[in-house]
Amino acid sequence: DIKIWLLSWMPDRWRSDIVGLMIEMDNCLGSFLRGQILISTIVGLLIALGLFIIGIDFPFVTGFAAGIFNIVPYFGPVIGAIPAIIFALIKSPISAFYVVVLFAIVNQVESSIISPNILGEHVGLHPVTVIFAIISGGYLYGILGVILAVPVTSIIKVALRYVQNKLLEQS
């Protein structure tokens, strides 16, 4: 097992601290993933409800697909909208317009309200910190930065809290 091998190379006095820190980081990443799944579920349900109200065929299957694709930043909501727009075009062009508006509204609500609040709650970051991390990650590293911004920020928070606690213990 790699974990046991790595721990065997560490000095005994650091081992328990490192294990505790790794467990806390692992919990933080798990919370992030659970938050992402919750956000995707909410988006899928909102899309399904909107498609049902508009009268588009297969609203729940299409909403489920939109929720899954929503995990991918930038392109996910667009890819998730394509089947709904196709089903709407079969019905009428105005229905397709309503579907585009629905996806735009849900995407805006998700990115400005739902994601910052849910991710912030799950990983212990303030919603403004989440928004700032995502914007900074996107600016510095593009799509990969957007994807990794919140988990990296939460890991940095865990590490800084560990250092702070160690410094307080020593003084």
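This text goes with the structure placed above it.
In this report, the structure presented in the accompanying data block is examined. Just so it is clear, the structure is predicted and the values come from calculations on it, not from any experiment. (Residues numbered from 1 in each chain as written. Predicted model: local features only at pLDDT ≥ 70, side-chain atom pairs only at ≥ 80, totals over all residues. Heavy atoms only, no water.)

Among the structural elements, tyrosine 74 can be located in the loop between helix 3 (59–69) and helix 4 (75–91). In this structure tyrosine 74 comes out as exposed when scored by relative accessible area, which is 52%. Those residues in contact with tyrosine 74, other than ones at most four positions away along the chain, are Ile143 and Val146. (Helix = DSSP H or I, 4+ residues; strand = E, 2+ residues; numbered from the N terminus. Buried < 20%, exposed > 50% of the residue type's maximum accessible area, 1.4 Å probe, protein only. Contact = heavy atoms within 4.5 Å.)

What sets the pattern is the α-helix's 3.6 residues per turn: residues three or four places apart point alike. Over its 44 residues, helix 6 (residues 127–170) runs only 32 Å from end to end, short of the ideal 64 Å by more than 12%, given 1.5 Å per residue. All of the buried residues along helix 6 are Val130, Ala133, Gly137, Gly138, Gly145, Val146, Ala149, Val150, Pro151, Ser154 and Val158. Residues of helix 6 that are buried sit in contact with helix 2 (12–54) and helix 5 (93–123). (Expected span 1.5 Å × (residues − 1).)

Under the defined criterion, the tally for this structure stands at 4 salt bridges. The closest approach of N and O atoms between glutamate 24 and arginine 161, which form a salt bridge, is 2.3 Å. Within this pair, whereas glutamate 24 is found in helix 2, its partner arginine 161 is found in helix 6, the two being separated by 137 residues in sequence. Across the pair glutamate 169 and lysine 166 runs a salt bridge, and its minimum N-O distance is 3.3 Å. On the criterion of helical spacing, the pair formed by glutamate 169 and lysine 166 is a turn pair, its members being 3 residues apart in helix 6. (Salt bridge = Lys/Arg side-chain N within 4 Å of Asp/Glu carboxyl O.)

The geometry of a pair of packed helices is captured by two quantities: the angle between their axes and the separation between those axes. Relative orientation of the contacting elements helix 2 and helix 6 amounts to 150°, with a least axis distance of 10 Å. Between helix 2 and helix 6, the crossing angle belongs to the class labelled roughly antiparallel. Crossing of helix 2 against helix 6: the hand is right-handed. Contact residues: Asp17, Leu21, Glu24, Met25, Cys28, Leu29 and Phe32 in helix 2; Ile147, Val150, Pro151, Ser154, Ile155, Val158, Ala159, Arg161, Tyr162 and Lys166 in helix 6. Taken together, the residues of the contact of helix 2 with helix 6 break down into 12 nonpolar, 1 polar and 4 charged. (Axes fitted to C-alpha atoms, helices over the stretch in contact; angles between N-to-C directions. Parallel < 35°, antiparallel > 145°, perpendicular 65-115°, else oblique. Left-handed = near helix turned anticlockwise from the far one by under 90°. Nonpolar A, V, L, I, M, F, W, Y, C, P; charged D, E, K, R; others polar.)

The subject of this paragraph is the nonpolar core. Generally speaking, nonpolar side chains in soluble globular proteins are found buried as a group. Counting 26 residues, the largest nonpolar core has Ile47, Leu51, Val99, Phe103 and Val150 as the members making the most contacts within it. Every element with two or more residues in this core is listed here: helix 2, helix 4, helix 5 and helix 6. By residue number, the principal contributor to this core is helix 5, which donates 9 residues. Excluding residues within four positions of it along the chain, valine 150 makes contact with Phe32, Leu119, Val123, Leu125, Val130 and Ile134. (Core = buried A, V, L, I, M, F, W, Y, C linked by side-chain atoms within 4.5 Å.)

Each aromatic ring pair is specified by the distance between its two centres and by the angle formed by the two planes. Going through the model one piece at a time under the given rule, you end up with 4 aromatic pairs. Ring centres of tryptophan 5 and tryptophan 9 lie 5.9 Å apart, and the angle between their planes is 65°; this geometry places the pair in the edge-to-face category. Here tryptophan 5 matches tryptophan 9 in class, with each residue exposed. Aromatic side chains phenylalanine 97 and tyrosine 98 sit 6.1 Å apart centroid to centroid with 55° between the ring planes, which places their arrangement in the tilted category. Residue tyrosine 98 is classed as partly exposed on the basis of its relative accessible area of 43%. (Phe/Tyr/Trp six-rings, centres within 6.5 Å; stacked < 30°, edge-to-face > 60°.)

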